[in-house]
Amino acid sequence: MTGAGTGVRAGVVVLSAERWLPLSVAHAARADSMTAGHRERRSADVAHPIDDFLYDYYGVKPGLLRRWHPGGGVVLAGSRDDLATHAAWRWYRTAADGVGLDVTAFLADRGDTVRYVAALLAATASRSAQTGCLGLHEWAMVYRQDDARRRHSLPLRPGRAGTDAVVEAHRLRCSHFDAFRFFTLDAVGRNRVPLTRESQVAHEQPGCLHANMDLTKWALKLGPAVPGDLLLDCVELAREIRTLDMQASPYDVSSLGEPAVAIETSAGKAEYVARQRGFAERAAGLRTRLLTVCAALTSSEVHP
């Protein structure tokens, strides 16, 4: 035994209902707290350019966030009623001592995804954090663009001409394809390097706000193999990063109660870089945890 309500057999941790049920309840409560604002706005048909990004872009669903997963290598013990919910979920298997993730079935469906995520995260983690982009990807997305085509209805803080002037006064250093692909045609050629989906693994780096927000995407892709607390930690970080993303953008976010981080000024640049570095440090820990999940999954392919 490794603790009250915990046992180990053949490398698998067995959690008693007394141990895991409170974890599941606490997880659902944390998820509900995190999604409360979004759910209220959705019922009122009100959009929020900062918060809704996670739900619209990453396809985050409040109901799925409430689902607590123990991760691979863990079996949940308990009564039939205790186990009924998990037993009904995809990729779970019922055995004599409880219910747990069927890693073989999961890899049969998601093996290629697991290997890609592992390769991307490992490559990103191997590089030094670059902090010279200054969030100009958001500016490049509206560069010389007709106002009617903007993604958000918020006004531009520096105005149309002022926004274009900021882009032209800086060198674009975006390293993230999924930000680069939204650049306007006039901005694409201004980036330091052209980015493609095929070169994504070669360019992603751990200082990038979007690469660090994407930890939410990769956690969702890994599904029930990711422990519940790790998923919510990724979502929580992504929400904070998105705030800086929009504060440093050309959009005026004062109506959302957020102050601007004016990256066109020396003070704004310094604030952006300091917060970017803090996010990179936090993301590094989450990236390592996700890599551990991937390693455990892929090792089971070799050692079933």
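Structural data are supplied above this passage.
Scope of this entry: the structure provided in the associated data block. (Residues numbered from 1 in each chain as written. Predicted model: local features only at pLDDT ≥ 70, side-chain atom pairs only at ≥ 80, totals over all residues. Heavy atoms only, no water.)

With that settled, the discussion passes to the packing of helix α1 (residues 17-43) against helix α13 (residues 228-247). It is at 11 Å that the axes of α1 and α13 come closest, and there the two elements cross at 15 degrees. Between α1 and α13, the interaxial angle falls into the category roughly parallel. Considering only the axes of α1 and α13, their crossing is left-handed. Where α1 abuts α13, its residues His27, Arg30, Ala31 and Met34 lie against Gly228, Asp229, Leu232, Asp233, Val235 and Glu236. Taken together, the residues of the contact of α1 with α13 break down into 4 nonpolar, 2 polar and 4 charged. (Axes fitted to C-alpha atoms, helices over the stretch in contact; angles between N-to-C directions. Helix = DSSP H or I, 4+ residues; strand = E, 2+ residues; numbered from the N terminus. Parallel < 35°, antiparallel > 145°, perpendicular 65-115°, else oblique. Left-handed = near helix turned anticlockwise from the far one by under 90°. Contact = heavy atoms within 4.5 Å. Nonpolar A, V, L, I, M, F, W, Y, C, P; charged D, E, K, R; others polar.)

This part is about the packing of aromatic side chains. Aromatic ring pairs are defined here through the distance separating the ring centres and the angle between the ring planes. In total, this model carries 8 aromatic pairs according to the counting rule given. Each ring, one from Phe53 and one from Tyr57, has its centre 5.0 Å from the other, and the planes form 10 degrees; the classification is stacked. In this pair, Phe53 and Tyr57 are both assigned in helix α2 (residues 52-57), 4 residues apart and thus about one turn of the helix distant. Classification of Tyr57 by relative accessible area gives partly exposed; the value is 27%. Both rings, one in Trp91 and one in Phe106, keep their centres 5.0 Å apart while their planes meet at 90 degrees; by these two values the pair is edge-to-face. One end of the pair, Trp91, is in the loop between α4 (80-88) and β4 (92-95); the other, Phe106, is in helix α5 (residues 103-125), with 15 residues separating them in the sequence. For the residue pair Trp91 and Phe106, the accessibility class agrees, reading buried in each case. One aromatic cluster is present, built from ring pairs that chain together Phe53, Tyr57 and Tyr58. A cation over an aromatic ring shows up here: Arg151 above the ring of Phe182, its NZ or CZ 6.0 Å from the ring centre. (Phe/Tyr/Trp six-rings, centres within 6.5 Å; stacked < 30°, edge-to-face > 60°. Buried < 20%, exposed > 50% of the residue type's maximum accessible area, 1.4 Å probe, protein only. Lys NZ or Arg CZ within 6 Å of the ring centre and 35° of its normal.)

Looking at the secondary structure, you find Leu64 in helix α3 (residues 62-65). A C-alpha to C-alpha distance of 40 Å links Leu64 and Ala267, two positions 203 residues apart in sequence.

Here we come to the pattern of salt bridges. According to the stated counting rule, one finds 22 salt bridges in the structure shown. The salt bridge partner of Asp233 is Arg30, with a shortest N-O separation of 2.7 Å. Of this pair, Asp233 sits in helix α13 while Arg30 sits in helix α1, and the two are 203 residues apart along the sequence. In this structure, Asp233 engages Arg289 in a salt bridge whose closest nitrogen and oxygen atoms are separated by 3.0 Å. Note that Asp233 is positioned in helix α13 and Arg289 in helix α14 (residues 266-302), a separation of 56 residues in sequence. Put simply, Arg30, Asp229, Asp233, Glu236 and Arg289 are held in one network by salt bridges that share partners. (Salt bridge = Lys/Arg side-chain N within 4 Å of Asp/Glu carboxyl O.)

Now for the side chain of His69. Checked against the element boundaries, His69 lands in the loop between α3 and β3 (74-76). Within the structure, His69 has its side chain in polar contact with the side chain of Tyr92 (distance 2.7 Å). For His69, the residues in contact, after removing those within four places along its chain, are Trp89, Tyr92, Pro224, Val226, Pro227 and Gly228. (Polar contact = N/O pair within 3.5 Å; in protein donor to acceptor, adjacent residues only side chain to side chain.)

By the bridge criterion, 2 bridges tie β3 to strand β5 (residues 98-101) in an arrangement that is antiparallel. Bridge pairing in β5 places Val75 opposite Gly100. As defined by bridge partners, β4 adjoins β5 across 4 bridges and the pair is classed as antiparallel. Within β5, the residue paired with Ala95 across the bridge is Gly98. Linking β4 to β5, which pair antiparallel, is a turn of 2 residues. (Pairing = 2+ DSSP bridges.)

Next up on the list: the side chain of Lys217. Tracing the backbone through its elements, the reader meets Lys217 in helix α12 (residues 215-221). Note on Lys217: relative accessible area 18%, which makes it buried. Beyond its immediate stretch of four places on either side in the chain, Lys217 contacts Tyr58 and Asp178.

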